[in-house]
2 protein chains.
Amino acid sequence: MATTPAAGTRGRPRSFDREAALEQALRLFWQHGYEATSVADLTAAMGIRPPSLYAAFGDKRTLFAEVVARYRESHGAYTTRAYAEEPTARAGVARMLREAAAELADPEHPWGCLMISSTVNCTSPEVAQAVREQRNANVRALESRIRADVAAGREPADTDPALLAQFTAAVLQGMSQRARDGAGRAELEQVAAAAMRVWP
Amino acid sequence: MATTPAAGTRGRPRSFDREAALEQALRLFWQHGYEATSVADLTAAMGIRPPSLYAAFGDKRTLFAEVVARYRESHGAYTTRAYAEEPTARAGVARMLREAAAELADPEHPWGCLMISSTVNCTSPEVAQAVREQRNANVRALESRIRADVAAGREPADTDPALLAQFTAAVLQGMSQRARDGAGRAELEQVAAAAMRVWP
DNA sequence: CGCCTTCTGTAGTGCTCGATATAGAATTGG
DNA sequence: CCAATTCTATATCGAGCACTACAGAAGGCG
């Protein structure tokens, strides 16, 4: 029974920046979606060969899962940040939608939201379902937040948590689609502001 | 110089129902999108072999174009019908969104809107752009309709045509995405009703 | 009947897909 | 130094993609 060698030190070192390669993968999946991004596209953008990709990230599916997690913690973090930092659900949603307008139409990166668009028309049920459940979990989390604020008296009693969560999700996902169709930041900010008139 | 023979009478007759085959193609493109629907999927659902498909419909791209046109005249006709038959833009949009809720979540056919979802993440720029332009044309047409109604005094003077057209498009496209994620008719009808509170 | 036209089925075309077998290169541990 | 380990590059795998060449079948027309 041999002693387990210290992991990661032995052997030929990796010849590329794993973080930078992951960021390249994120851009490609964001722009073209999960299926339309080929391993050949990924390796070309990363500047590596397929065996290096598979050694560093597993297969295409696990790489995509890592990309989704990275997106949530970077470009997609504005949602949870808005809810966490604003005192009321209403203020959180207003800020989230306002920041979404700027983010979704930002010319510095692909338009729209990776969580929303990248798995549309995906032939892998597992991949599609995994991201779908994250979207639906976001809707439920928002509904819980609104409900808690109503219970605590921070929102009017006639506030409808389920409706407003569904409505906010629909508006955000619609804004993402509109951004992909070329809608600009100013137009999306108007949509975001208009959506807040629905609140009591 | 031979006289042109009467088209369609000579030769071996087609052995399948072209309309029924087109409807099968519509269902497949609706459910899986343009790229994820393979010619093998299409021929299997139509009960024919590839040469018959190509003889009757051209290639996959022209078949899809015919499917899009068919969708607009059938399942997607509720939009133009609502605008045409209602006296005001506001009533037209209210009816369109209400009917959309029922249509997008109808268990009798694939969820969501074919015009919205079937070309997301499409690698063919031509196909994606063709459908995108139809979506954007719908937004412009609605804006024109609202503007005309404001000019004619059928809508309040503080009605914002550009904003309401963008907002309505975002809500409709978001409802389509929510339907694809499993949102039911009742939830979408609530979203549709809520969206109308934005109007002055 | 025989000819022409059109459609159908078999069986492929070349291409791209995700993923990998194999061998060599680069590093640590002894 | 040598051995063990890990990564990299070349070349390729079988499967699926959109599409089609070819030959035969099925009809109208003379």
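Residues numbered from 1 in each chain as written. Chains lettered and ligands numbered in written order. Predicted model: local features only at pLDDT ≥ 70, side-chain atom pairs only at ≥ 80, totals over all residues. Heavy atoms only, no water.

Asker: Quick question: what am I supposed to make of the interface of chain B and chain A here?
Answerer: It is common to give the size of an interface as the accessible area that goes away when the parts come together. Counting residues at the interface gives 36 residues for chain B and 36 residues for chain A. Regarding the contact of chain B and chain A, the summed buried area is about 3100 Å², with carbon and sulfur atoms giving 50% of it. Summed over the three residues of chain B that lose the most area to chain A, namely N121, Q166 and R178 of chain B, the buried surface amounts to 21% of that side. There are four salt bridges connecting chain B and chain A. Residue R132 of chain A is joined to D181 of chain B by a salt bridge in which the shortest nitrogen-to-oxygen separation is 3.4 Å. Looking at the side of chain B that touches chain A, the elements with two or more residues in it are α7 (114-117), α8 (125-151), α9 (161-180) and α10 (185-195) of chain B. Broken down by element, the side of chain B that touches chain A gets its largest block of residues, 12 residues, from α9 of chain B. (Contact = heavy atoms within 4.5 Å. Buried area = accessible area lost by both parts, 1.4 Å probe. Salt bridge = Lys/Arg side-chain N within 4 Å of Asp/Glu carboxyl O. Helix = DSSP H or I, 4+ residues; strand = E, 2+ residues; numbered from the N terminus.)

Asker: Explain the relation of the copies chain B and chain A here, please?
Answerer: Mapping one chain copy onto the other needs a rotation about an axis and a shift along that axis. After a rotation of 180 degrees and a shift along the axis of 0.0 Å, chain B superposes on chain A with an RMSD of 0.0 Å. The superposition of one copy onto the other is thereby described by a two-fold rotation axis. Every residue of chain B has its C-alpha some distance from the rotation axis, and the shortest such distance is that of G174 of chain B, at 1.9 Å. (Least-squares fit on C-alpha atoms with pLDDT ≥ 70 in both.)

Asker: What should I look at first to understand the protein's contact with DNA strand C in this one?
Answerer: By nearness alone, 23 residues border DNA strand C, and V39 and K60 of chain A together with G11, R12 and S15 of chain B come closest of all. With respect to DNA strand C, the backbone of V39 of chain A contributes an N or O atom lying 2.7 Å from a phosphate oxygen. Residue S15 of chain B places a main-chain N or O atom 2.7 Å away from a phosphate oxygen belonging to DNA strand C. Broken down by secondary-structure element, the contributors of at least two residues to the surface near DNA strand C are α3 (50-57) of chain A together with α3 (50-57) of chain B. Here the element with the most residues in the surface near DNA strand C is α3 of chain A; it accounts for three residues. Of the residues belonging to the surface near DNA strand C, the class tally is eight nonpolar, seven polar and eight charged. (Near = heavy atom within 4 Å. Polar contact = N/O pair within 3.5 Å; in protein donor to acceptor, adjacent residues only side chain to side chain. Nonpolar A, V, L, I, M, F, W, Y, C, P; charged D, E, K, R; others polar.)

Asker: In this structure, what is going on with α8 of chain B? I would like to understand it.
Answerer: Each α-helix winds once per 3.6 residues, and so residues spaced three or four apart point in a common direction. Across its 27 residues, α8 of chain B extends 38 Å between first and last C-alpha, which sits within 8% of the 39 Å expected from 1.5 Å per residue. In this structure, the buried residues of α8 of chain B make contact with α9 (161-180) of chain A together with α4 (60-73), α5 (78-85), α6 (89-104), α7 and α9 of chain B. Where α8 of chain B ends, the next residue or the one after it, G153 of chain B, has phi of about 80 degrees, a positive value. (Expected span 1.5 Å × (residues − 1).)

Asker: Would you take a moment to explain the environment of E35 of chain A for this structure?
Answerer: All names here are of chain A. By secondary structure assignment, the location of E35 is in the loop between α1 (18-32) and α2 (39-46). Separated by 83 residues in sequence, E35 and S118 place their C-alpha atoms 8.3 Å apart. Beyond its immediate sequence surroundings of up to four residues, E35 is in contact with K60, N121, C122, T123 and S124. A polar contact is formed between the side chain of E35 and the side chain of T123, at a distance of 2.5 Å.

Asker: Any chance you could explain the nonpolar core here in plain terms?
Answerer: If you look at soluble globular proteins, the nonpolar side chains tend to sit buried side by side. Grouped together as the largest cluster of nonpolar side chains are 122 residues, with contacts concentrated most on L63, L97 and M175 of chain A together with L63, L97 and M175 of chain B. Apart from the residues lying within four places of it in its own chain, the contact partners of M175 of chain A are L97, A100, A101, L104, L188, V191 and A192 of chain A together with A170 of chain B. (Core = buried A, V, L, I, M, F, W, Y, C linked by side-chain atoms within 4.5 Å. Buried < 20%, exposed > 50% of the residue type's maximum accessible area, 1.4 Å probe, protein only.)

Asker: Can you walk me through the pattern of salt bridges in this structure?
Answerer: Going through the model one piece at a time under the given rule, you end up with 28 salt bridges over all chains. When the shortest N-O distance is used, the salt bridge between E143 of chain A and R147 of chain A registers 3.0 Å. Taken together, the residues span about one helical turn, with E143 of chain A and R147 of chain A both in helix α8 (residues 125-151) at a distance of four residues. Since its relative accessible area comes to 21%, E143 of chain A is described here as partly exposed. In this structure R147 of chain A comes out as partly exposed when scored by relative accessible area, which is 43%. With a closest N to O distance of 3.0 Å, R95 of chain B and E99 of chain B form a salt bridge. Linking R95 of chain B with E99 of chain B, this pair stays in helix α6, spanning four residues, or about one helical turn. Taking relative accessible area as the criterion, E99 of chain B reaches 26% and is therefore assigned partly exposed. A single salt-bridge network, built from bridges that share partners, covers E19, E23, R27 and R70 of chain A.

Asker: Mind showing me how you'd approach the domain arrangement of chain A here?
Answerer: Residue and element names in this part refer to chain A. What the domain assignment reports for chain A is domain 1 (18-72) and domain 2 (77-198). A C-alpha centroid distance of 26 Å is found between domain 1 and domain 2. With 14 residues of domain 1 in contact, the opposing surface of domain 2 contributes 23 residues. Of the roughly 1600 Å² buried between domain 1 and domain 2 on both sides combined, carbon and sulfur atoms contribute 60%. For the domain 1 face of the interface with domain 2, the top three residues by lost area are W30, Y71 and R72, together amounting to 45%. Summed over the shared surface of domain 1 and domain 2, the number is zero salt bridges. (Domains from an automatic or database assignment.)

Asker: Mind showing me how you'd approach the protein's contact with DNA strand D here?
Answerer: By nearness alone, 23 residues border DNA strand D, and G11, R12 and S15 of chain A together with V39 and K60 of chain B come closest of all. Close to the protein, within 4 Å, the atoms of DNA strand D belong to sugar or phosphate groups at a rate of 71%. R49 of chain A has a polar side-chain atom sitting 3.4 Å from a phosphate oxygen of DNA strand D. Where the surface near DNA strand D is concerned, the elements lending two or more residues are α3 of chain A together with α3 of chain B. Among the elements that take part in the surface near DNA strand D, α3 of chain B stands out by supplying three residues, more than any other.

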